[in-house]
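Reading the structure
The residues making up each chain are set out below.
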Amino acid sequence: MFRHKGKGRTYSHNLKLASILSGVAGIVNITSVLELNTLTTNVTGHFAFFSEELVLKDYRMAFAYLFYILFFLFGAFASSLIMEWVSRYKQQATYVIPISIEVFILFVISFSSFLLTKEPFPYSILLASALLFAMGLQNALVTRVSQSVVRTTHLTGLFTDLGIELSQMLFYKERSERMQLSKSIYLKLAIICCFFSGGIIGGFIFPYLELRTLLIAVGLLLFALWYDRLLFRYYILKRRFRDHH
């Protein structure tokens, strides 16, 4: 899912990557909404709230929304910076550090409910900012690995592209063109369904686990890392076996 890049990357790789990580994003988003009353997988709404608080002269909350926006940006910046740096030394492991940081953040936050108070400051703001940082990390990672084919943390652009491609299905008659469009539509539907499923599952589990619902997202990320490494070892053993025979 993560290792293959360029011409070596297939539709199947993108579909697996999109399915797992969009599920992670859905879980993180619903957990933060229910516990922190904050969306943490995109910053579009935060720009509107930032503008509103400035107009209302509630500068403390305006600063909080600005904090959210900047932390998502910083997460994307950090992810790309790490991947660029690691690629100079070990090309196949560029994804490991960003995913590991995301796992660490989600794991720590899942056990940090004791920090929350009735006041929105300061800990709930910090926890939401950390989740936005983690989602910025994930979105930049997926964007780079898939060469901008997959986005997993927000759906606005996906619905726009999906609408365009559904309309094109009415006009494209060539079999190859329709197959390519169908694959792209199926990929986007998979992301949307997995994001939605993550939100539903997280929503049902949250009353019992609260912030510890994030441990499900941690489990999915660890599975993605394990699966990629297991598959890599399988191909190495297969190649060695073939060489000996």
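Rules and cut-offs
- Residues numbered from 1 in each chain as written.
- Predicted model: local features only at pLDDT ≥ 70, side-chain atom pairs only at ≥ 80, totals over all residues.
- Heavy atoms only, no water.
- Helix = DSSP H or I, 4+ residues; strand = E, 2+ residues; numbered from the N terminus.
- Areas by Shrake-Rupley, 256 points an atom, 1.4 Å probe, with all protein chains shown as cover.
- Core = buried A, V, L, I, M, F, W, Y, C linked by side-chain atoms within 4.5 Å.
- Buried < 20%, exposed > 50% of the residue type's maximum accessible area, 1.4 Å probe, protein only.
- Contact = heavy atoms within 4.5 Å.
- Expected span 1.5 Å × (residues − 1).
- Salt bridge = Lys/Arg side-chain N within 4 Å of Asp/Glu carboxyl O.

The protein chain carries the name DUF1275 domain-containing protein in an unreviewed UniProt entry, which gives Mycovorax composti as its organism.

Let's talk about the overall build of the protein chain
Looking only at helices and strands, the protein chain features 8 helices and 0 strands. Starting at the N terminus, the α and β elements of the protein chain follow one another as α-α-α-α-α-α-α-α. Carbon and sulfur atoms provide 67% of the accessible area of the protein chain, an area that totals close to 13,800 Å².

As for the nonpolar core
Counting residues in each nonpolar core, the largest one holds 57 residues, and the members touching the most others are Phe-2, Leu-21, Val-28 and Leu-106. Considering each element in turn, this core owes the most residues, 12 residues, to helix 5 (residues 123-145). Leave out the neighbours within four places in its chain, and Phe-2 touches Arg-9, Leu-17, Leu-21, Tyr-95, Ile-99, Leu-141, Val-145, Ala-224 and Asp-228.

A look at helix 5
Taking 1.5 Å of rise per residue, the 23 residues of helix 5 would be expected to cover 33 Å, and the 33 Å separating its terminal C-alpha atoms lies within 8% of that figure. Counted residue by residue, helix 5 has 19 buried out of 23 residues, so it is predominantly covered. Note on helix 5: the residue one or two positions beyond its end, Gln-147, has a positive phi of about 60°.

Details of the pattern of salt bridges
Between side chains of opposite charge, a pair can form as their charged atoms come close. Enumeration over the complete set of coordinates arrives at 2 salt bridges. Ionic pairing is found between Glu-84 and Arg-144, a salt bridge with its closest N-O pair at 3.1 Å. Note that Glu-84 is positioned in helix 3 (residues 59-87) and Arg-144 in helix 5, a separation of 60 residues in sequence. Here Lys-188 and Glu-165 are joined by a salt bridge, their closest N and O atoms 3.3 Å apart. In this pair, Lys-188 sits in helix 7 (residues 175-209) while Glu-165 sits in helix 6 (residues 156-168), placing the two residues 23 residues apart along the sequence. The class of Glu-165 is buried, set by a relative accessible area of 12%.

Some words on unusual backbone geometry
A positive phi angle is found at Lys-57, which is not glycine, with a value near 60°. Relative to the helices and strands, Lys-57 is located in the loop between helix 2 (44-55) and helix 3. Judged by its relative accessible area of 61%, Lys-57 is exposed.

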